[in-house]
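Survey of secondary and tertiary structure
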Amino acid sequence: SDKTGTLTTSRMTVTKIYLGGEVFQPEPSAAVKGNAGYVRLLSECIALNSQKTSRVEHKPGANPEYFGNPTECGLIVFAQEQLAANLRAIRDDPQFNYEEPVKEFPFSSARKKMSFVHPLEGGGFRVFSKGASERILAVCTNYVNIAEAGAAGDVPTSELTDDLKARIQADVIDVFAAEGLRTLSLAYKDLPADTDVAALDEATAEEGLTLLGVAGIKDPVRPEVPPAIERCRKAGIGVMMVTGDHISTAKAIAMECGILDDKGTYVAMEGREFRRRVLVSEDGDVINQEEFNKIWPRLRVLARSSPKDKFTLVRGLQNSSLFREYRADPAKFVAEHGVHIYPDRQVVAVTGDGTNDAPALSKADVGFAMGIQGTNVAKTACDIVLMDDNFNSIVQACMWGRNVYDSVAKFLQFQLTVNISAIIVASVGAVWLTHSPLTAVQMLWVNLIMDSFASLALATEKPTPELLDRKPYGRNRAIISRQMWFNMIGQAVYQLIIVLWMLADGENVGAWEIPKEGRSSKHSDPPTMHFTMLFNTFVLMQLFNELNSRKLYGEWNVFSGIQTNNYFLVIIVGTLGAQILIVQFGGRPFNCVDGGLNLNQWLWCILLGVLSLPWQFVINFVVNALPEGFLQPQEFGSDTSDPSEADTDAIHVSMSQRGEQHNQKGLRLRARRSSSLEIANSMVAGHEDTDARASALVAVAHNAEVRRTLSGRDEDDGSA
């Protein structure tokens, strides 16, 4: 996951700043504010060395509203509030030609700094630079020293020696970073009027700078992120934070989020060290998988990273066969690596917002692009667009995904139970009585219950936090679990016992008040009390078993959460009401006896239906008493192929070529599904509207189908 905007609020605020040789929190001293030249330089550096889209709007009674780059917006707010700067006036000053600087060196993840060259009214040019603190500090030769203040308006400077650089690094930058602050250095230098600006390169422009200050910028962690990280951990989902920040800043934020802990279970690493150990070729396309496997189980923070690092992580995780070692001997693996891992091929999800994130987003099993800060390229390459840029929405997506899976399993459990009992009843009746005890119309009503109504009732269960308390399923796991097999067969056995008992001996049960010879009637004969009661009991057993089908894992309370599903309640009550009308007033069209059943017979039918609920307790006891591995479907695949072998054909293809191939083959498909993905994300974001949730379920189903299509295509391409 990215840090800024996903784990954090992306509302940057300068909380500490190093100016003129002193640290302030963040209001500068009177000596700094009193030096008009210094304040002017700081204000110009912040106003002019920023993207044109970066601006802040102030509204009465509300927090400032950020537009554009949040880091630059944080600096703008500092300049406005602490330096009383009029940034609009500076940008409108014709001498600087803000809209079209004479030269600019934009920010890149490799350089981690940016510079703009503006003309000066009295002749010459001024270079304003800002970027990663250690990068800017390394190219500075002087610094503003307020203690050496001279004439009013002069900007006092002193030589920035190597010893002083080391002190600033240790006492300012490292301290800020350890407190979780993003550190950014500001610097400038003047160029003479005869400088050939057109031929100016970045190395020349960004050498011999004068350090203006070092800002410590706080990006608060979203309050919902630490609990979301904990829910991910319980759900068996490992979270890695990939950021361009200083490693101390990254570690502090990761500790606050709960990604790292005090026990040292997981580690942080800089991108430079990661690339040195993992990449074999200079272009970064060949991975040392053996070395990667030593790193990734405990790696949770990658700092000072590049977009290519994110792509390398995705490919390395997908190609890793380390799960086989874990599956063979978990205790030995934990002893060697200190952590547990998912015992199957890793399923990798990636977040990203920039154009450079597109290769990683398209390579991942699931790509999440940011809806607010994300570029169009990132949104095109992804699978799901997060409309609120919030990590908690990813957790909600996991919860909804598991809920959809469970909803399908619940429906299958109910439908197959009805199929088993109905087919056997019809077959036995055809052999024994030469006709089915249930007529064609009655079977159509049963089919309507188990298909249309049951699908709505069982597929509209709302997700609950408990869904994240279980570990992920293996990708080769059968959807019908051992518990489900016992539920289906156990309930079918109960229904068959009741139906066959009623069929064979119902006339002799005095309490049922069934006339003799009813069993021997044909379909062409008038409806009988015997077959009417049998039909009614069969349907009621299905209705009460629909309650049992709400649970898949042997839960004892089948009613928990039922009050949150209005669809289920309406369908159950509506089906029961329809059954009463059919039995009492359906008559010959439904093969029900004229006048229907009496109260005593109805009570017996309801009792036989209700008994399926305690019968489920018996089934649960049996399953719990059996050995854990008895009749347990295979959880994980038994393939012996090396996941990395699938990547060998593509391993020498450059990232740009791979991205171009992917775009050519997938652009049309991704364009068709983009609207449905945003609908699905509206569900993830927590819409309460029922229709929106229902539409989102359709979108998720469509997205899953597209994902399977893409997976098949990737295999054909030879990529992992």
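Below is a summary of the structure that appears in this document. Only a predicted model underlies this, so the values are computations on that prediction, with no experimental measurement involved. (Residues numbered from 1 in each chain as written. Predicted model: local features only at pLDDT ≥ 70, side-chain atom pairs only at ≥ 80, totals over all residues. Heavy atoms only, no water.)

1. Here we look at the overall build of the protein
Broken down by element type, the protein carries 25 helices and 17 strands. Counting across all 720 residues of the protein, residues that qualify as buried make up 52%. Accessible surface for the protein amounts to roughly 31500 Å². Of this, 57% is attributable to carbon and sulfur atoms. (Helix = DSSP H or I, 4+ residues; strand = E, 2+ residues; numbered from the N terminus. Buried < 20%, exposed > 50% of the residue type's maximum accessible area, 1.4 Å probe, protein only. Areas by Shrake-Rupley, 256 points an atom, 1.4 Å probe, with all protein chains shown as cover.)

2. Considerations on the packing of helix α17 (residues 391-432) against helix α19 (residues 482-505)
At a closest axis distance of 9 Å, the pairing of α17 and α19 adopts a crossing angle of 30 degrees. Comparing their axes, α19 and α17 come out roughly parallel. In terms of crossing hand, the pair formed by α17 and α19 is right-handed. In contact with Ala409, Leu412, Gln413, Leu416, Thr417, Ile420, Ser421, Ile424, Val425, Val428 and Trp432 of α17, α19 contributes Met484, Asn487, Met488, Gln491, Ala492, Gln495, Leu496, Val499, Leu500, Leu503 and Ala504. Residues that form the contact of α17 with α19 fall into these classes: 16 nonpolar, 6 polar and no charged. (Axes fitted to C-alpha atoms, helices over the stretch in contact; angles between N-to-C directions. Parallel < 35°, antiparallel > 145°, perpendicular 65-115°, else oblique. Left-handed = near helix turned anticlockwise from the far one by under 90°. Contact = heavy atoms within 4.5 Å. Nonpolar A, V, L, I, M, F, W, Y, C, P; charged D, E, K, R; others polar.)

3. Digging into the pattern of salt bridges
In total, this model carries 25 salt bridges according to the counting rule given. Across the pair aspartate 93 and arginine 40 runs a salt bridge, and its minimum N-O distance is 3.8 Å. Of the two residues, aspartate 93 is situated in the loop between α4 (87-92) and β5 (103-105) and arginine 40 in helix α2 (residues 36-48); the sequence distance between them amounts to 53 residues. With a closest N to O distance of 2.6 Å, aspartate 190 and arginine 126 form a salt bridge. One end of the pair, aspartate 190, is in strand β10 (residues 182-191); the other, arginine 126, is in strand β7 (residues 125-132), with 64 residues separating them in the sequence. Aspartate 190 gets classed as partly exposed once you look at its relative accessible area, which sits at 41%. Exposure remark for arginine 126: the relative accessible area of 15% places this residue in the buried category. Through salt bridges that share partners, Arg40, Glu44, Asp93, Arg126 and Asp190 make up one connected network. (Salt bridge = Lys/Arg side-chain N within 4 Å of Asp/Glu carboxyl O.)

4. Digging into the sheet that holds strand β17 (residues 384-386)
Hydrogen bonds between backbone groups are what pair the strands of a sheet, and the pairing can be parallel or antiparallel. Taken in spatial order, the 3 strands line up as β15-β16-β17 in an open sheet, and their pairing is parallel. The open sheet is flanked by β15 (349-352) and β17, the only strands paired with a single partner. Between one strand and the next, the sheet's axes are offset by a mean angle of 25 degrees, whatever the strand orientation. (Pairing = 2+ DSSP bridges.)

5. Regarding the packing of aromatic side chains
One pass over the structure, following the stated rule, counts 7 aromatic pairs. For the pair phenylalanine 274 and phenylalanine 292, a centre-to-centre distance of 6.2 Å together with 70 degrees between the ring planes defines the contact as edge-to-face. Placement of the pair is phenylalanine 274 in helix α10 (residues 271-278) and phenylalanine 292 in helix α11 (residues 289-295), with a sequence separation of 18 residues. Phenylalanine 292 matches phenylalanine 274 in its accessibility class, with the two residues each being buried. Relative to phenylalanine 453, the ring of tryptophan 445 lies with its centre 6.4 Å away and its plane at 80 degrees, an arrangement referred to as edge-to-face. By the ring-pair criterion, three or more aromatic residues cluster together here, those being Trp556, Phe617 and Phe621. The ring centre of phenylalanine 67 lies 4.1 Å from the NZ or CZ of arginine 55, which sits over that ring. (Phe/Tyr/Trp six-rings, centres within 6.5 Å; stacked < 30°, edge-to-face > 60°. Lys NZ or Arg CZ within 6 Å of the ring centre and 35° of its normal.)

6. Some points on the side chain of glutamate 72
Along the chain, glutamate 72 falls in helix α3 (residues 70-82). Residue class for glutamate 72 comes out buried when judged on its relative accessible area of 2%. Within polar-contact distance, the side chain of glutamate 72 engages the side chain of serine 54 at 2.5 Å. Among all residues touching glutamate 72, those that are not within four sequence positions of it are Asn49, Ser50, Gln51, Ser54, Met114 and Lys130. (Polar contact = N/O pair within 3.5 Å; in protein donor to acceptor, adjacent residues only side chain to side chain.)

7. Focus on unusual backbone geometry
Cis geometry marks the peptide bond from glutamine 25 to proline 26, where omega comes out at -20 degrees. For proline 26, the position within the fold is in the loop between β2 (22-24) and α1 (30-33). The phi angle at arginine 304 is positive, at roughly 45 degrees, despite the residue not being glycine. When you line up the elements, arginine 304 lands in the loop between β14 (299-303) and α12 (307-319). Within the chain, aspartate 389 stands out as a residue other than glycine whose phi angle is a positive 55 degrees. The topology assignment puts aspartate 389 in the loop between β17 and α17.

8. Thoughts on a nonpolar patch on the surface
A cluster of nonpolar side chains, namely Ile420, Ile424, Trp485, Ile489, Val493 and Ile497, defines an oily patch on the protein surface of about 480 Å² accessible area. Top contributing element to the nonpolar patch by residue count: α19, with 4 residues. The residue isoleucine 489 is located in helix α19 in this model. Accessibility expressed as a relative area gives 44% for isoleucine 489, which makes it partly exposed. (Patch = residues over 30% accessible without salt bridge, like charges linked within 9 Å, V, L, I, M, F, W, Y side chains within 5 Å.)

9. Examining the environment of glutamine 346
Here glutamine 346 lies in the loop between α14 (330-337) and β15. Through-space distance from the C-alpha of glutamine 346 to that of serine 320 is 7.6 Å; in sequence the pair is 26 residues apart. If we skip the residues at most four places from it in the chain, glutamine 346 touches Trp296, Leu317, Asp365 and Arg475.

10. A few points about the sheet that holds strand β13 (residues 267-270)
Pairing within the open sheet is parallel, and its 3 strands lie in the order β12-β14-β13. In this open sheet, the two edge strands, each paired with only one partner strand, are β12 (241-242) and β13. The pairing of β13 with β14 spans 4 bridges and is classified as parallel. Looking at β14, one finds that alanine 268 is bridged to valine 301.

11. Considering the packing of helix α18 (residues 440-459) against helix α21 (residues 566-585)
Close contact between α18 and α21 brings their axes to 9 Å; oriented N to C, the two are set at 165 degrees. As judged from the angle between their axes, α18 and α21 are roughly antiparallel. Once α18 is placed against α21, the crossing between them reads as right-handed. On α21, the residues touching Trp445, Ile449, Phe453, Leu456, Ala457 and Leu458 of α18 are Tyr567, Phe568, Ile571, Thr575, Ala578, Gln579 and Ile582. Tallied by class, the residues present in the contact of α18 with α21 amount to 11 nonpolar, 2 polar and no charged.

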